[in-house]
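Residue-level structural notes
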Amino acid sequence: MKKIHLVVGARPNFMKMAPLYDEFRKHPDEFQVKLIHTGQHYDERMSAFFFSDLGLPEPDVYLGVGSGSHGRQTALIMERYEEILLQDRPDVVIVAGDVNSTAACAIDAVKLQIPVAHLEAGLRSFDRSMPEEINRLITDSIAEWLLTPSSDADANLLHEGIAPEKIHFVGNIMIDSLIRYKERAAMSTIRQEIGIENDEYCLITLHRPRNVDNFEGLNTILNAFKEISKNIKLIFPIHPRTRKQLINLGLEDKVKAIKNLILIEPAGYYDFMKLQMESKFILTDSGGVQEESTWFGIPCLTLRPNTERPITVTEGTNQLVELNTDKIILAVNNILAGNTKKGKIPLLWDGNTASRVIKIFR
Ligand code: UD1
Ligand code: UDP
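Our subject in this report is the structure included herewith. Computed from a predicted model, the values in this text were never measured in an experiment.

Some thoughts on the sheet that holds strand S6 (residues 145–148)
Strands in a sheet are paired, the pairing made by backbone hydrogen bonds, and the direction either parallel or antiparallel. The strand order across the open sheet built from seven strands is S3-S2-S1-S4-S5-S6-S7, with neighbouring strands paired in parallel fashion. Sheet topology places strand S3 (61–62) and strand S7 (167–169) at the edges, where each strand pairs with a single neighbour. Across four bridges, the pairing between strand S4 (residues 92–96) and strand S5 (residues 116–119) is parallel. By the bridge assignment, Ala 96 is partnered in S5 with Leu 119. Against the sheet, helix H4 (residues 100–111) touches strand S1 (2–8), S4 and S5, its axis set at about 165° to S4.

Concerning empty space enclosed by the protein
For the structure shown, the criterion picks out one cavity of 30 Å³ or more. In this structure, the largest cavity is lined by Lys 16, Leu 119, Glu 120, Leu 147, Pro 149, Val 170, Gly 171, Asn 172, Ile 173 and Glu 291. Its residues assigned to classes, the lining of the largest cavity comprises five nonpolar, two polar and three charged.

So, the site of ligand 2
What surrounds ligand 2 is a group of 19 residues, the closest being Arg 208, Ala 267, Ser 286, Gly 288 and Glu 292. Within the contact set of ligand 2, a nitrogen atom lies 2.7 Å away from a backbone nitrogen or oxygen of Ala 267. If ligand 2 stood free it would expose 530 Å²; the protein chains cover 97% of that surface. Mapping ligand 2 onto the cavity grids shows that it belongs to the largest pocket. Breaking the shell around ligand 2 down by element, the ones donating at least two residues are helix H1 (11–24), helix H13 (269–277) and helix H14 (287–296). Among the elements that make up the shell around ligand 2, the one with the highest residue count is H13 (four residues). Residues that form the shell around ligand 2 fall into these classes: 10 nonpolar, six polar and three charged.

Concerning the packing of aromatic side chains
A complete count under the given rule lists nine aromatic pairs for this structure. When the centroid spacing of 5.0 Å and the interplanar angle of 55° are considered together, the rings of Trp 145 and Phe 361 count as tilted. Of this pair, Trp 145 sits in strand S6 while Phe 361 sits in helix H17 (residues 353–361), and the two are 216 residues apart along the sequence. On the basis of relative accessible area, Phe 361 is assigned to the buried category, the value being 14%. Pairing Trp 295 with Phe 296 gives two aromatic rings, centres 5.8 Å apart and planes at 80°, and the pair type is edge-to-face. For the pair formed by Trp 295 and Phe 296, the shared burial category is buried. Taken together, Phe 24, Phe 31, Trp 145 and Phe 361 form an aromatic cluster joined through their ring pairs.

A closer look at the environment of Gly 64
Positionally, Gly 64 belongs in the loop between S3 and helix H3 (70–88). Of the residues examined, Gly 64 reaches a relative accessible area of 35% and is grouped as partly exposed. On a C-alpha basis, the gap between Gly 64 and Thr 38 in space is 5.9 Å, while along the polypeptide they are 26 residues apart. In this view, Gly 64 contacts His 37, Thr 38, Gly 39 and Arg 80; residues no more than four positions away in its chain are not counted.

Cut-offs applied
- Sequence positions are assigned chain by chain, starting from 1 and proceeding in written order.
- Think of it this way: whatever chain is written first is A, whatever ligand is written first is 1, and the rest follow in order.
- Local features are withheld for residues below a pLDDT of 70 in this predicted model, meaning they are given only at 70 or higher, and side-chain atom pairs are given and counted only at 80 or more; totals for whole chains, interfaces and linings count all residues.
- Side-chain measures were taken over the full set of non-hydrogen atoms in the model, leaving aside hydrogen atoms and water.
- Should DSSP find at least two bridges between two strands, the strands are regarded as paired.
- The helix and strand labels rest on DSSP assignments: H or I over at least four residues marks a helix, E over at least two residues marks a strand, and numbering proceeds from the N terminus.
- What makes two residues a contact is simply this: any of their non-hydrogen atoms within 4.5 Å.
- The convention used is that axes are lines fitted to C-alpha atoms, helices contributing only their stretch in contact, and that angles between N-to-C directions extend from 0 to 180 degrees.
- Here a cavity denotes a set of grid points, spaced 1 Å apart and computed over the protein atoms alone, in which a 1.4 Å probe fits but from which it cannot get out, and a pocket denotes an open set meeting protein on both sides within 12 Å along at least five of seven lines; residues with an atom within 4 Å of a point are reported as lining.
- Grid points are joined across faces, edges and corners, and a volume is the space filled by probe spheres set on the points.
- All residues other than Ala, Val, Leu, Ile, Met, Phe, Trp, Tyr, Cys, Pro, Asp, Glu, Lys and Arg, Gly among them, are scored as polar; the first ten of these are nonpolar and the last four charged.
- Nearness here has a simple test: a residue counts as near a molecule or strand if at least one of its heavy atoms is within 4 Å of that partner.
- Polar contacts, as used here, are pairs of N or O atoms within 3.5 Å; protein pairs need one atom able to donate a hydrogen and one able to accept it. Residues neighboring in sequence count only if both atoms are side-chain atoms.
- Shrake-Rupley sampling with a 1.4 Å probe provides the accessible areas, and residues are treated as covered by the protein chains on show and by no other component.
- For a cavity or pocket, the test is whether more than half of a molecule's atoms lie within 2 Å of its grid points; if they do, the molecule sits there.
- Pairing of aromatic rings covers Phe, Tyr and Trp, the last counted by its six-membered ring, and requires centre-to-centre distances within 6.5 Å; plane angles under 30 degrees mean stacked, over 60 mean edge-to-face, and any other angle means tilted.
- Partly exposed residues are those whose accessible area sits between 20% and 50% of the maximum for their type, while under 20% is buried and over 50% is exposed, using a 1.4 Å probe and protein chains only.

Here is the structure:
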């Protein structure tokens, strides 16, 4: 019997770990799985909602670290998870994505000589000003199994000198959850709840520090929203970081004054899927939403200078847009004029990634 820890911490981790959790549980004689939640995200709408939507059980261990500076948050996760590792000593620790919980738990495990598997390995934006890029570089350099979502990720790892036998192209695990729950999500009543009758709306998510942590960035975006909203409704489930920054930067009244913009609380998984699949287009700076919109074939404008998910641009419906009011408006008008990108679904984004991962471990 092998003991496995699956680590989650922030919103984008839950839909990546849920399929793996279910797949491991199909082999109870071979694996004993424990779900470790660091508590990096803790609001009901950033965490508990996903446990119920994705059918995850209560975590076996909750570290309750909460928010803090990078140093403090990372250190607290490391301090608390190390204790758990010393008590429980799993055979393998599996981490996902690029959040602080990912790198912190990987470092803890490797230093106790417990091997780590990294789900969603090899993605690179080549932008070290983003904390996520540092988390990716750290985690990939110490992991034993590098489980990649796309061939560009394999190429990045090989280029960095990672031994080819450690790299496993397993596909995109987020899409396992999407495929599993899309029919259920289609039944969500969120649109009626917020008073949207048809698919003539743009869905927005924003939480990158570059876009929301300074007045100029956020103001540039709001100026664009004001203009765009003359032609289309905007639905904006707002990340807690962004809500706080709107208040801190004195921009709350400005956003509320935009008539056609509907601000809502962060949406649960089904509700957000429903809003994505029926939108006219999406405007985001999220990593995962770039991928999901590509799978749905919905045009996506990503407000970032780069992406660690280039396949969503080369094969999918994604397009990068500069943080500039006129450029944002131009890109939106282009979509509204019908000039949309026709993408295709990348290789192995097929709903079977979790079963490919389990095969490796078996
Ligand atoms: C984190 C990840 C980011 C990921 C995002 C997904 C890092 C470095 N960043 O960013 O890669 O894209 O999650 O959503 O790991 N807050 C709450 N309630 C919560 C969680 C956060 O109010 O449940 C507020 C706090 O004020 C906190 C701020 O949001 O300080 C930022 O949270 P944090 O986890 O540090 O970073 P995110 O911006 O959420
Ligand atoms: N998501 C959600 N509700 C929201 C916003 C996002 O369920 O209000 C989902 C989204 O569908 C995707 C994941 O959260 O599955 C992406 O997480 P996020 O954008 O927070 O993080 P990132 O991917 O940028 O790290």
